[in-house]
There are 2 protein chains.
Amino acid sequence: MRLWPLSRLGRPKQMVTIGGDRSLLQRTIERVSDPGLFAPPILVTGAAEAEAVAGQLAAIGAAPGATILEPAPRGTAAAIALAALEAGGDSVLLVLPSDHEIADPAALRAALAAALPCAVEGRLVTFGIRPDRAETGYGWIRRGAPLGGGLFEAAAFVEKPDRAKAEQLLAEGNHDWNAGIFLLRADILLTALALHAPAILDAARAASQGAGRADGIVRPAADAFAEAPSLSIDKAVMEKAENVAVIPVEMGWSDIGSWDAVHALGPRDADGNSLSGDVVAPDSRNCLIRSDGPTIVALGVEDLVIVATERAVLIVPRGEGQRVQEAIAALEARHGDRASQGMSGDKE
Amino acid sequence: MRLWPLSRLGRPKQMVTIGGDRSLLQRTIERVSDPGLFAPPILVTGAAEAEAVAGQLAAIGAAPGATILEPAPRGTAAAIALAALEAGGDSVLLVLPSDHEIADPAALRAALAAALPCAVEGRLVTFGIRPDRAETGYGWIRRGAPLGGGLFEAAAFVEKPDRAKAEQLLAEGNHDWNAGIFLLRADILLTALALHAPAILDAARAASQGAGRADGIVRPAADAFAEAPSLSIDKAVMEKAENVAVIPVEMGWSDIGSWDAVHALGPRDADGNSLSGDVVAPDSRNCLIRSDGPTIVALGVEDLVIVATERAVLIVPRGEGQRVQEAIAALEARHGDRASQGMSGDKE
């Protein structure tokens, strides 16, 4: 909920339009829509968002190969296992989170072309984002021995570091951010799951075998899926497997993890403002101001993030967007139950 | 609409609760509710606000002597003429705008006691507010010859001055602000109107004679009232009449003409914040933050005025509240017709 109040329970970040006229989900789908390079995508989503996801795809004329509805959230390992089982055989999967921005799609394609032989040979390839700051919000990956073609063995996965550790990693120069983007063969992943997280594989396989399938919608068996331990793919597989590679890329990547990122990446006017919705901002500078509801009048203010919906208004200095979590905590303390009914609480 | 977006067409400033739990209208009524000193008040209001006014009086258990519904707004001269005709004879009227704050009611009463003999003798007495700054938003009154009891002849009415002129008036020390508060005999006012603004008197008298009266509600004849030139009592009478007196007073007066005034006069917490409504403001200081609608989260901001309703959000640095007019103009330019349908537009 780092983009609160815009993102919230029932309307996660990937569904809302941020900069431009398409959502992050729509832009992600468009990124892999070249039929010469990609098969129709397999989407994995919560059942609660299924209708909204279908609507967003229809709006851009995209037809998924399959849409898998998670019966319950069980982490990325189980979700990717469902997709790998659906794809089957030695299909090569590009695993893409649907709430990231990639400003340079040509760089993504170049990295894909470089990584494909390595994935076909049986490596689990992670895309490492070249770091430009000592970011404490991401995991980092240490590059090991070079594998050719710009790829390296993944020597170690470093969990989200503290500030000092992040500065050390940045200075060392041999670490990249773990963005949760992977290129891997379905059968290689399933083999790795069997070795390192067999309970997840068993649950996913049983859920997939018992799934209902109609009109491109896959509904895995809920009882079976509920048995899956809830783990990230990093924890379940990548940190343990020997056959993990990393390809460092610079492709204008952002997880749009804060309003500051939206301001930094989006279009700005001559005053440095990024304005959207019903907003007037005379004599204001270097602000991100967005309304999805009321008229906002910001007069003579600077370096602020102002976001309004019909339910809530956020005002925070630019550069402190990550503190929104504090605000949510304060709100939850104040509102009690109401907070759990949609004031906040998406999966981030 | 200097308290936009809280005040707007259909919900003027005097009707909303600002600091404490009563509206400015309710506090004005309470100020004159001592039956040993005051007869039940005569209210003059627009027909559109009649129901809300009645509700606010009922909420504090106040019963007006009469409520006169202006058929159309024709300025304060015609409105006061209606009240004077309703009161009749040599009744002494205390004319009070319903959207002012008077923090020191004892000072008001002392000034009333001092001014009453002068009003009874036939002077139109204005209450002059002792100025503490070079205010350009008010008219000023020059004191003339002393009349005893702390009163003076009103030597001249000065229209809203520019900054240099206001500083000169402040330095001269013999001018007070014109707050639109008067003590005057009904018959003396009607005589002055007959002399200086006979068309207003004729229209008001015809409207009053043709009025419908039921249950304490007076509905002046609309056709007749429409003939009244629309003028302020200052322009129609006070600037012209010879028998005008001024009594300088210090009574904690404010016309709550900006959000800055609300912040300055209202209660503030240990961080210097004045918060009302559904607001959380961790690590914020010296802000006025008020919501009449959405939840406001203001995180780590200082010296801001933030006001939200369901329709609009205002953010402006504290101390620049008077610039709200600029914002309204910008909005009107943007919204066109919509602006005239309630985005803005009260009588101020």
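Scroll up for the structure.
Only a predicted model underlies this, so the values are computations on that prediction, with no experimental measurement involved. (Residues numbered from 1 in each chain as written. Chains lettered and ligands numbered in written order. Predicted model: local features only at pLDDT ≥ 70, side-chain atom pairs only at ≥ 80, totals over all residues. Heavy atoms only, no water.)

### Here we look at the overall build of chain A
What chain A contains, in helices and strands, is 12 helices and 18 strands. Across its three principal axes, chain A shows a C-alpha extent of roughly 60 × 50 × 40 Å. Residues counted as buried form 52% of the 348 residues belonging to chain A. Sequence-distant contacts, at least 24 apart, represent 66% of the contacts inside chain A between residues at least 6 apart. In the form shown here, chain A has an accessible surface area of approximately 14600 Å², with 50% of it arising from carbon and sulfur atoms. A gap of 1 Å separates the mean positions of the 32 positive and 45 negative side-chain charges of chain A. (Helix = DSSP H or I, 4+ residues; strand = E, 2+ residues; numbered from the N terminus. Buried < 20%, exposed > 50% of the residue type's maximum accessible area, 1.4 Å probe, protein only. Contact = heavy atoms within 4.5 Å. Areas by Shrake-Rupley, 256 points an atom, 1.4 Å probe, with all protein chains shown as cover. Lys, Arg positive; Asp, Glu negative; His and termini not counted. Charge placed at Lys NZ, Arg CZ, Asp CG, Glu CD.)

### Looking at the interface of chain B and chain A
Taken residue by residue, the interface counts 35 residues in chain B and 36 residues in chain A. Carbon and sulfur atoms supply 62% of the area buried between chain B and chain A, which totals about 2600 Å² over both sides. Viewed at the interface, chain A and chain B are joined by 0 salt bridges. Linking chain B with chain A are 10 residue pairs in polar contact (both at pLDDT 80 or more), by the criterion used here. (Buried area = accessible area lost by both parts, 1.4 Å probe. Salt bridge = Lys/Arg side-chain N within 4 Å of Asp/Glu carboxyl O. Polar contact = N/O pair within 3.5 Å; in protein donor to acceptor, adjacent residues only side chain to side chain.)

### A few points about the sheet that holds strand β17 (residues 304–308) of chain A
On the basis of which strands lie adjacent, the open sheet formed by 6 strands has the order β13(A)-β15(A)-β17(A)-β18(A)-β16(B)-β14(B) and mixed pairing. What marks the edges here is a single partner per strand, and that holds for β13 (274–276) of chain A together with β14 (279–280) of chain B. (Pairing = 2+ DSSP bridges.)

### Quick look at the pattern of salt bridges
According to the stated counting rule, one finds 34 salt bridges over all chains in the structure shown. Put simply, A:D176 and A:R130 hold a salt bridge, and the shortest N to O gap is 3.8 Å. A residue pair is termed long-range when its members are at least 10 positions apart, and A:D176 in strand β8 (residues 175–185) and A:R130 in the loop between β5 (124–129) and β6 (140–148) qualify at 46 residues. Between B:E153 and B:R123 there is a salt bridge whose closest N-O contact spans 3.7 Å. With B:E153 in strand β7 (residues 151–158) and B:R123 in the loop between α4 (105–120) and β5 (124–129), this pair connects stretches of sequence that are 30 residues apart.

### Things to note about the environment of B:I188
Residue and element names in this part refer to chain B. Tracing the backbone through its elements, the reader meets I188 in helix α6 (residues 186–196). For I188, a relative accessible area of 16% corresponds to the buried category. Among residues more than four places away in sequence, those in contact with I188 are G122, L124 and N243.

### Quick word on the packing of aromatic side chains
Following the criterion strictly, the structure yields 8 aromatic pairs over all chains and no others. Ring geometry for A:W140 versus A:W177: centroids 6.1 Å apart, planes at 85 degrees, classification edge-to-face. Residue A:W140 is found in strand β6, and its partner A:W177 is found in strand β8; the two are separated by 37 residues along the sequence. According to the relative accessible area criterion, A:W177 is buried, its value standing at 3%. Their ring planes at 70 degrees and their centres at 5.3 Å tell us that B:Y138 and B:W253 sit as a pair that is edge-to-face. You can see B:Y138 sitting in the loop between β5 and β6 (140–148) and its partner B:W253 sitting in strand β12 (residues 253–254), a full 115 residues away along the chain. What makes B:Y138 buried here is its relative accessible area of 10%. B:W253 sits in the buried class, given a relative accessible area of 11%. Aromatic ring contacts, followed pair by pair, group A:Y138, A:W140, A:W177 and A:W253 into a single cluster. The ring centre of B:F152 lies 5.5 Å from the NZ or CZ of B:R143, which sits over that ring. (Phe/Tyr/Trp six-rings, centres within 6.5 Å; stacked < 30°, edge-to-face > 60°. Lys NZ or Arg CZ within 6 Å of the ring centre and 35° of its normal.)

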